[in-house]
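Coordinate inspection notes
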Amino acid sequence: MGELTAQSPMDGMMPTRIGGVALREVDLGALTLVMPYRGADDALSGALEAGHGLRWPDAGRMTGTTERGVMWFGRTQALLIGVEPGEGLSVHAALVDQSDAWAAVEIEGDRAAEALARLTPVDLRTGVFGVGHTARTEVAHMAASLTRTGEATFLLMVFRAFSRTLVHELGTALEGVAVRAAR
Amino acid sequence: MRLDGDGLIDRSRPLAFTFDGRQHLGFEGDTLASALMGAGVKVVARSFKYHRPRGVFTAGSEEPNALVTLGHGAGQEPNARATMVELYEGLQAFGQNAWPSVEFDLMAVNDLGAPFLGAGFYYKTFMWPRAFWEKVYEPVIRRAAGLGTLSRKTGPERWERAFAHCDVLVIGAGPSGLMAAMTAAEAGADVILAEEDTRAGGRLNAEVEEVDGQAGHAWAEAMRVRLAAMGNVRVMTRTAVVGGYDQGTYAALERLATEADRALKGCFWRIVAKRSVLAAGAIERPVAFANNDRPGVMMAGALRAYVNRWRVCPGRRVAVFANSDAGHRTARDLKAAGVHVSALIDARADAVCDLDVPFYAGGQVCGTVGRKGVEAVRFRQGDRIEAVQADVLAMSGGWNPSVHLSCHMGGRPVWDEGLAAFLPREGAVPGMRYAGAAMGAFSTRGCLESGAAAGRAVVEDLGLQAVEAPVPGAEDGTYEITPFWHVPGKGRSWLDFQNDVTVKDVTLAAQENFTSVEHMKRYTTQGMAPDQGKNSNVAALAVLADATGRGIAETGTTTFRPPYVPVPIAAMGAGAKGKGFAPERFTTSHAASVARNAPMIEAGLWYRPSYFPKAGETQWRQSCDREVRMVRDHVGICDVSTLGKIDVQGPDAAAFLDFLYTGMMSTLKVGRVRYGLMLRVDGHVMDDGTCARLGDRHFLVSTTTAAAGQVMRHMEFAHQVLRPDLDVRFASVTEQWAQFAVAGPKSRTLLEEVVGQALGNEDWPFMACGDVRTGGIGARLFRISFSGELAYEIAVPSRYGAALFDLLVEKAEAREGGPYGMEALNVMRIEKGFITHAEIHGRTTAFDIGMQGMMSDRKDFIGKAMAARPGLMDEDRAQLVGLKPVGAVKELIAGAHLFAPGAEAVSETDEGYITSVAFSPMLGHVIGLGFLARGRARIGEHVRMVEHLKGSATLCEVVAPGGFDPEGGRMRG
């Protein structure tokens, strides 16, 4: 029996560029939801440092990078990105593979925040939501994770099955922003 | 007519537009109202009820008269206020509520019936016969009365919705708002300055008074430029803040300037602000006197705006009537602009005048003369009644602060005797301060000062340091007003121009004992039109106060509710049409299913294939029956990824699941699956599904598609609130795994090929689960069945879902099998008597569905105590049964009710209902599932199904649910 072919969530729908804002799919590699057991926060944090050189993030923050990092992902949860979790972690935390569960899109451009303001209630002012800040939120009625990865760059994640809707909603928002920019 | 001079229009850029098909010319900077005025158009609309001719009355968003329809066809926009419509090249406007035109309206015969059309006319007149209410009276009334109409077609225009956040929201960019915004911005606060006009300045754009030694509008523009250049300020012109809500949330409607080829109309904003400053200004109020609605009668402040800002005047000879210095100011500006002032009538007996105009202190206008416009003005001074020729009458009854937004959270405004006006109540909206005319500061200097003070106050609230800055110099006159509401006398005196409500209507309401202001409003419809009584509320309640012998403060106001100005539903619902209506959730096999022409059915947000039509199949039953036989005889593939999957781990995982399920899960062996039932806290069934034990401390819970979110929420509640003592963690893995059912007698050989290992009963028995490999990928295999056949479910990481589906279907087709959809899945589960949410619909208990035996008595679980309440395990309850037709009629209908064969089919004799129905190709007849009183004890009895909507009735035999392969031999095969 032959190999099964993998398909990315945004297969054929990205990259694209609308009104000066670039949208591209990001392959985050291995994604593991890490949920420390009771009282194991410190031990887990130590194991993360020792095993992977990564710090456990505070609520609403991300440590490391989107290539290799830890993203707060909700109450007592964080997403280990780009790293296969070492054996040492499972003693302290429940580990759940989510590598295929999320569609991840990078949104980059001066008007990226303006477009996102059409989709999510998160306060995206740089003074409030700076680089490395992350939120679990609603984006156009979809459960989402939104992270500021640069001054004008965001990482947006929704359930894989919502990929097409995300493309549609981002397109609509960006077109609206582009119309105003053209004035 | 257009006046000489600069104004704030650009005469080098003429703009052509039409009104009712007639071509006119205006200039950039004009509104439709000012352009019509410049073109000499006087009648721009017909009134709501009496079809009286009406002209432009104000210069702002409060305009009650000049409502027009913009454009025509699908995108036509009714009820646009001409005073707020920016003129653009090619604009087409039409009069409305008139036939054939506003200039000559045959429906004006209504005006002759005016003596009969007073307050409560409809209530008193159209009482009988009752059958006429909806069939005759309502359509006739609706045709005769009203405003513009929608095209009833899908419009091409588009709106947006967006969120904005700031430290300080300043509402209104007049002198007060500009000062508040600057003060807050200079202290470092993030500021949003919202202004409904196209430019900042507010009244400064309409007046000639200077600020800081320069023209007021120039100072305002300079302030706007300074603010816009600051990184922490967002100036939003064309943006009306329309509502105040909890926790500093404000709604605002932004309209973009119209440009050719642009479908985007604007944006509905939700602005979240830590603090706000209400600097919305004030609205000038009319005085009621006979025929005060004639075209040419308008507000004095509005006339100054037209003369000073747009350099237009609706006539050549103007009479001015006021009860404050507004009259003096108006006459002064008119004279300066070269317009003849035929009379300045001041209601204050002690008023003096230094202008060279005919001046009448203590005078009261008692009527206007003319047909489609004012020709003369009659007024009383002492005992004498005089008339002056005038084609314009500018009036002012004082100013009403725009307190609306301060009242949106339930606060009531406070009456101020000195200003004869309602002022916003302190603290009515948390975090909101007031400034300028909105709080009764009516001089320019007063506005600037109070704006700066409000800015400082919010800055201090936020813990910032205000920068001391001098307040610019400006006019600081006093506001001396003698309250004056209406001039008694014969003839109709309008209060609410938009809804055609007169002084007489309000006094009649009082006479008929509608003395509460809220009752008066509803009886007369005063304040109900699109302007929401902005022009009329205070005067109407003053008249009511008079008529009932109470004071104004005691009478009080009606409730101010959002929105402050009309908001198109299209703006509030922006984006929510077509693909934007709801997110679409697609399985990994979606494209393959669509390629096979499978019609999709929605399951929550998911899309699932109903059936896979083959060539020659013309209706769904053919495909469905074929797919059922295909699965039962060969093998079928079905995407079941939509079912909820929850990964549960931890030292106390087993204990937690024991607490969630009615049955025992801690005794489940690793590598085995068990069917389980979850109850709500109230003891009724919430969901059913399987629970697989993947490891000693590792389980996988499956839920139905419909209840996946509900079960997840339930589990969070159970863990966080009910059993925080348990050390357990769980997460949804629904999206991580693509899962496919492989069902039918040939499923085993098919899957043995796919996973490359033996799957016989000894290797992989019924209800076994575990890891396998396929195509080099780690996968999970479960031996579970929802079809009653030998069946498995195989799951792979989602990225391989599409590939695996194609592979499984290919292998199935090689075995006379293929994909099957929801219809076949449903038929097979009804044949087996398996439940879905059609049966566990929220009102049924484990007892009702025959699963009372699954409620373990060896442990506690959610819903256990409540399920044991008296009545919930009662033998008389409706219990799950199967049904098959036995009489001449072979039809069963889901939702139909069940009755004893001889009983009358009424609710008193109702014995149950049908929940699921299908034609069973295997049994050869229609089968149903339903709930029947004492059902389990009545197997073999007959009941009658009656469906009242269609009027059908079927005699049925009560059978045990699951008539196909009742022993389950095929499933365990």
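Cut-offs used in this document
- Residues numbered from 1 in each chain as written.
- Chains lettered and ligands numbered in written order.
- Predicted model: local features only at pLDDT ≥ 70, side-chain atom pairs only at ≥ 80, totals over all residues.
- Pairing = 2+ DSSP bridges.
- Helix = DSSP H or I, 4+ residues; strand = E, 2+ residues; numbered from the N terminus.
- Axes fitted to C-alpha atoms, helices over the stretch in contact; angles between N-to-C directions.
- Domains from an automatic or database assignment.
- Contact = placed C-beta atoms within 7 Å.
- Buried ≥ 20, exposed ≤ 12 C-beta atoms within 10 Å, placed from the backbone.
- Core = buried A, V, L, I, M, F, W, Y, C linked by C-beta atoms within 7 Å.
- Nonpolar A, V, L, I, M, F, W, Y, C, P; charged D, E, K, R; others polar.
- Expected span 1.5 Å × (residues − 1).
- pLDDT = per-residue confidence, 0-100.
- Parallel < 35°, antiparallel > 145°, perpendicular 65-115°, else oblique.
- Left-handed = near helix turned anticlockwise from the far one by under 90°.

With that settled, the discussion passes to the sheet that holds strand β8 (residues 102-108) of chain A. Residues and elements named next belong to chain A. With respect to topology, six strands assemble into an open sheet ordered β1-β2-β8-β11-β10-β9, the strand pairing being antiparallel. The open sheet is flanked by β1 (16-18) and β9 (134-139), the only strands paired with a single partner. Between one strand axis and the next, the sheet turns through 25° on average, direction left out of account. Pairing between β1 and strand β2 (residues 21-25): three bridges, direction antiparallel.

What follows is about the pairing of strand β50 (residues 952-959) of chain B. Residue and element names in this part refer to chain B. Pairing of strand β45 (residues 878-885) with β50, which is carried by four bridges, proceeds in the antiparallel orientation. Note that in β50 the partner of G882 across the bridge is V959. Two strands pair when backbone bridges link them, and strand β49 (residues 942-947) and β50 are joined in this way by six bridges, in the antiparallel orientation. Bridging across to β50, E947 finds its partner in S952. From the end of β49 to the start of β50, which pair antiparallel, there are four residues, and G951 there has a positive phi angle of about 75°.

Turning our attention to the domain arrangement of chain A. Many authors give the size of an interface as the accessible area that is lost as the parts come together. Residue and element names in this part refer to chain A. Structurally, chain A comprises domain 1 (16-27 + 100-181) and domain 2 (31-97). Computed over C-alpha atoms only, the centres of domain 1 and domain 2 are separated by 24 Å. Across the contact, eleven residues belong to domain 1 and nine residues belong to domain 2.

Let's shift gears to the environment of B:F766. Residues and elements named next belong to chain B. Position of F766 relative to the elements: it lies in the loop between α19 (747-755) and β41 (769-774). Since 16 C-beta atoms lie within 10 Å of it, F766 is described here as partly exposed. Remark: the alpha-carbon pair of F766 and I849, spanning 83 residues in sequence, is separated by 23 Å. If sequence neighbours within four positions are ignored, F766 has contacts with R783, M971 and R972.

Here the focus is the nonpolar core. Core analysis: the biggest nonpolar cluster contains 358 residues, and B:V170, B:A181, B:V191, B:L193, B:V320, B:L393 and B:V742 have the highest contact counts within it. What B:V742 contacts, discounting residues up to four positions off in sequence, is B:V635, B:I637, B:S747, B:L750, B:L751, B:A791, B:Y792, B:I794 and B:L808.

We now examine the pairing of strand β37 (residues 685-695) of chain B. Residues and elements named next belong to chain B. Burial runs high along β37: eight of the eleven residues are buried. Here strand β36 (residues 673-679) runs beside β37; their pairing, made up of seven bridges, is antiparallel. What sits directly across from R674, in β37, is C691. The antiparallel pairing of β36 with β37 creates a hairpin that spans five residues between the two strands, and G683 there sits at a positive phi of about 90°. Sheet analysis places β37 next to strand β38 (residues 698-702), joined by four bridges and oriented antiparallel. Residue A692 lies in a different strand from β38, and its bridge partner there is L700. Linkage of β37 to β38, two consecutive antiparallel strands, is achieved through a turn of two residues.

In this section: the sheet that holds strand β42 (residues 777-782) of chain B. Residues and elements named next belong to chain B. Spatial strand order, β41-β42-β43-β40-β34-β44: six strands in an open sheet with mixed pairing. At either margin of the open sheet sits one strand with a lone partner, and together these are β41 and β44 (818-819). With two bridges connecting them, strand β34 (residues 636-639) and β44 associate as parallel partners. Within β44, the position partnered with I637 by the bridge is P819. Contacting β34, β40 (737-743), β43 (791-797) and β44, helix α20 (residues 801-813) crosses the sheet at an angle of about 10° to β40.

Let's shift gears to unusual backbone geometry. In the segment running from A:M14 into A:P15, the intervening peptide bond is cis, with an omega of 5°. Looking at the secondary structure, you find A:P15 in the segment before β1. Note that the residue after B:P562, namely B:P563, is joined by a cis bond; omega there is 0°. With respect to the element layout, B:P563 can be found in the loop between α13 (552-555) and α14 (569-572). Phi angles above zero are rare outside glycine, and B:D20 is one such case at about 50°. Mapped onto the elements, B:D20 comes out in the loop between β1 (10-19) and β2 (22-28). Located in the positive-phi region is B:D500, a residue other than glycine, with phi close to 55°. Mapping B:D500 onto the fold places it in the loop between β29 (494-496) and β30 (501-502). A residue is classified by how many C-beta atoms lie within 10 Å of it, and B:D500, with 26 of them, is buried.

A separate point is helix α21 (residues 822-832) of chain B. Helical geometry note: an α-helix holds 3.6 residues per turn, so side chains three or four residues apart project in the same direction. All names here are of chain B. Counting buried residues in α21 gives nine out of eleven residues, a clear majority hidden from the surface. Among the structural elements, α16 (620-633), β34, β47 (912-920) and β48 (925-933) are those in contact with the buried residues of α21. Phi turns positive one or two residues past the end of α21, at G833, with a value near 75°.

What follows is about the interface of chain B and chain A. At the interface, 40 residues of chain B touch 37 residues of chain A. Of all elements in the fold, only β8 (158-171), β31 (585-586), β35 (645-649), β39 (729-732) and α20 of chain B reach the threshold of two or more residues within the side of chain B that touches chain A. Of the residues forming the side of chain B that touches chain A, the biggest block, six residues, is contributed by β8(B). The residue makeup of the side of chain B that touches chain A, split by class, is 16 nonpolar, twelve polar and twelve charged.

Within the secondary structure, A:Q98 sits in the loop between β7 (93-97) and β8. Taking C-alpha positions, A:Q98 is 5.5 Å from A:T32, a pair spaced 66 residues apart along the chain. Among all residues touching A:Q98, those that are not within four sequence positions of it are A:L31, A:T32, A:L33, A:L79 and B:Q736.

Once that is clear, we can look at α20(B). Residue and element names in this part refer to chain B. For α20, spanning 13 residues, the distance from its first C-alpha to its last is 18 Å, which sits close to the expected 18 Å at 1.5 Å a residue. Counting buried residues in α20 gives ten out of 13 residues, a clear majority hidden from the surface. Listed as buried for α20 are G801, A802, A803, L804, F805, L807, L808, V809, K811 and A812. Where α20 is buried, its residues touch α15 (590-595), β34, β40, α19, β43 and β44.

Per-chain confidence: chain B averages 94 in pLDDT, with 98% of residues scoring 70 or above. Reported for the predicted complex are a pTM of 0.92 and an ipTM of 0.97.

Below, the discussion takes up the packing of helix α10 (residues 503-511) of chain B against helix α12 (residues 537-548) of chain B. Residues and elements named next belong to chain B. Look at α10 against α12: their axes get within 9 Å of each other, and the N-to-C directions meet at 45°. The angle between the axes of α10 and α12 places the two elements in the oblique class. The interaxial crossing formed by α10 with α12 has right-handed handedness. Counted together, V503, V506, T507 and A510 of α10 and A540, V543, L544, A547 and T548 of α12 form the full contact between these two elements.

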